[in-house]
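# Structural overview for review
Each chain, written out:
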Amino acid sequence: MRAVDLIRKKRDGGELTPDEIAFLIRGYVEGTVPDYQMSAWAMAVVWRGMTPAETASLTLEMARSGDQVDLGPIEGIKVDKHSTGGVGDKTTILLAPLVASAGVPVAKMSGRGLGHTGGTIDKLESIPGFRVELSREQFLEQVSRHGLAVISQSGNITPADKLLYGLRDVTATVESIPLIASSIMSKKIAAGADAIVLDVKVGGGAFMKTLDEAISLAEAMVRIGTDVGRETIAVLTSMDQPLGLAIGNALEVREAIETLKGGGPADLKELCLTLGAHMLVLGGVADDETSARAKLEERLSSGYALKKLKELIAAQGGSPSVVDNPAMLPSASRVLEVKAEESGYVSGIEAERLGIAAMLLGAGRETKADAIDPAAGVVLRRKVGDEVAAGDVLAELHVNERPQARIEEALRLAREAFRLQSRPCRPEPLVYAIVS
Ligand code: URA
């Protein structure tokens, strides 16, 4: 077999066999298929697409390229959740304890943030002492004992995807539904869950800008999951404005704690109840969504979910007293306000601009090597649909020592992120559709 023949076959619209896909992926990981051939093939896929059978083969091949976690020793149906990435998405921090408190074991591997989107692992690390690295044995033992663990994705999960994603990022080949679907699903499959709930974000702050694109991606991922025997469901949700109010690591942990205490922003709570209800049904602890939601509401109001978060923090070496006293979390030395220049109604909040503003303040990384400031970020004081008067505060920028030029740029972006109009308006619905 020769890579050039497989590139030509794809370029001309042919379908690669599982053996041919295995040849390319294994060769790429071993170094016998070079970057330039892999990028030519990826570009051919961008133009020609892949059949469902090819997408499934690519996913499995990437899932098998490194470590595969066996969650078999943990009792119960293990359900994973994955978000395609957004701004202010702190869902895992509350959803994992909420769902675990209702009896579904959560063995979660999460990532770090890059660019304008944050990562759960960076957020959890803002909790003093919280360890995100556990050995495989510690991970399994913790889930068996406490019903949940959230750790950093091990270095050797899906190395093929890591290489291919890096290549796609610099060869303009990220934007392909089969390549995105197989990239995401290969990691979920390698992480070992029995069932998967996908939160596919749609809108300005998301990968998928339109509902049609998001539905195609969701269908591709659900099909892969089903084909490989992992029950999968996708919830399509709005990322036309940031989720909740806080963007930035410690700020988001604080908001997650508030929400588990019964306060917090309505959209964040609603998203967690929606995703959580699907997790409970897939996890076999509720018969339908309605009873699952009722169970989750009860876990919230009784304080069980909050107690689970404390248990998670303590089990991973953190200080559980942050839950009672969030002032223990890092906080910034300065808070700068962004004010409305005119009155009206907030008709849009560009999540991507605010994500970049938060990154410039130190909440995120421009390159993988950058250090982050856990205290930095943005807090929204108005959301879409809110009425504002000139001079009202729209957002707060939380910042420590930082080059002035970056702060100025963040202020400009935060100002530009808000669109006002004179007529009253409503936000887009949070949940657009379910694909199963
Ligand atoms: N997220 C991933 O993990 N992979 C992609 O290809 C795109 C988004």
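Counting restarts for each chain: residues are numbered from 1 in the order of the written sequence. In keeping with the model being predicted, local features are shown solely for residues with a pLDDT of at least 70 and side-chain atom pairs are shown and tallied solely at 80 or more, while totals for entire chains, interfaces and linings include all residues. The side-chain quantities take in all heavy atoms of the structure and omit both hydrogens and water.

- Looking at an unreviewed UniProt entry, one finds the protein named Pyrimidine-nucleoside phosphorylase, with Paenibacillus thermoaerophilus as its source organism.
- Heading Function (unreviewed entry) of the UniProt record for the protein holds this comment: "Catalyzes phosphorolysis of the pyrimidine nucleosides uridine, thymidine and 2'-deoxyuridine with the formation of the corresponding pyrimidine base and ribose-1-phosphate." UniProt positions are given in the numbering used here, feature names are shortened, and annotations may be inferred rather than shown by experiment.

### Examining the sheet that holds strand β6 (residues 246-247)
- DSSP calls a pair of strands paired once it identifies at least 2 bridges connecting them. We count a stretch as a helix when DSSP gives it H or I for four or more residues in a row; a strand needs E for two or more, and each element gets its number in order from the N terminus. Taken in spatial order, the four strands of this open sheet run β6-β9-β11-β7, and their pairing is antiparallel. The sheet is open, and its two edges are formed by β6 and β7 (334-339), each paired on a single side.
- As defined by bridge partners, β6 adjoins strand β9 (residues 377-380) across two bridges and the pair is classed as antiparallel. In the sheet register, A246 faces β9, and the bridge partner there is V379.
- Here, two residues are considered to be in contact whenever any of their heavy atoms come within 4.5 Å of each other. Axis definition: a line fitted to C-alpha atoms, limited for helices to the stretch in contact. Angles are taken between N-to-C directions and run from 0 to 180 degrees. Set on the sheet, helix α16 (residues 351-361) makes contact with β6, β9 and β11 (393-399); between it and β9 the angle comes to about 140°.
- Docked against the sheet, helix α17 (residues 404-417) engages β7 and β11, running at close to 35° with respect to β7.

### Considerations on the environment of I215
- Here I215 is to be found in helix α10 (residues 211-227).
- Overall, the relative accessible area of 24% leaves I215 in the partly exposed class.
- I215 sits 22 residues away from A193 along the chain, and the two C-alpha atoms are 23 Å apart. The buried label applies to any residue whose accessible area, calculated with a 1.4 Å probe on protein chains only, is under 20% of its type's maximum; exposed applies above 50%, and partly exposed to all values in between.

### Some remarks on the site of the ligand
- We call a residue near a molecule or strand when any one of its heavy atoms sits within 4 Å of it. Y165, R168, I180, S183, I184, K187 and F207 make up every residue found near the ligand.
- Definition of a polar contact: a pair of N or O atoms within 3.5 Å, with one able to donate and the other able to accept a hydrogen when the atoms are protein atoms, and with sequence-neighbouring residues admitted only if both atoms are side-chain atoms. A distance of 2.9 Å separates an oxygen atom of the ligand from a polar atom in the side chain of R168.
- If the ligand stood free it would expose 240 Å²; the protein chains cover 88% of that surface.
- Listing elements by their share of the shell around the ligand, those giving two or more residues are α8 (159-169) and α9 (177-190). Shrake-Rupley sampling with a 1.4 Å probe provides the accessible areas, and residues are treated as covered by the protein chains on show and by no other component.

### As for the packing of helix α5 (residues 91-101) against helix α12 (residues 266-282)
- Packing of α5 against α12 leaves a shortest axis separation of 10 Å and a crossing angle of 45°. By the angle between their directions, the pair α5 and α12 is classed as oblique. Regarding α5 and α12, the two cross each other, and that crossing is right-handed. Residues T91, L94, L95, L98 and V99 of α5 lie in contact with α12, whose contacting residues are L268, L271, C272, L275, G276, M279 and L280. Oblique is the label for every angle not falling under 35 degrees (roughly parallel), over 145 degrees (roughly antiparallel), or within 65 to 115 degrees (roughly perpendicular). If you view the pair so one helix is near and one far, a crossing is left-handed when the near helix is turned anticlockwise from the far one by less than a right angle, and right-handed when it is turned clockwise.

### What about the packing of aromatic side chains?
- For Phe, Tyr and Trp, rings pair up if their centres lie within 6.5 Å, where Trp contributes its six-membered ring, and each pair is then called stacked (planes under 30 degrees apart), edge-to-face (over 60) or tilted (otherwise). In the structure shown here, the tally under the stated rule is zero aromatic pairs.
- A ring has a charge above it when a Lys NZ or an Arg CZ is no more than 6 Å from the ring centre and no more than 35 degrees off the ring normal. Above the ring of Y304, the side-chain terminus of R299 is found at 4.9 Å from the ring centroid.

### Here's the deal with the sheet that holds strand β10 (residues 387-388)
- Sheet architecture is open: three strands sit in the order β10-β8-β12, paired in antiparallel fashion. Of all strands in the sheet, those bounded by a partner on one side alone are β10 and β12 (418-421).
- Bridge analysis of strand β8 (residues 344-349) against β12 gives four bridges, and the strand direction is antiparallel. Along β12, the bridge assignment pairs G348 with R419.

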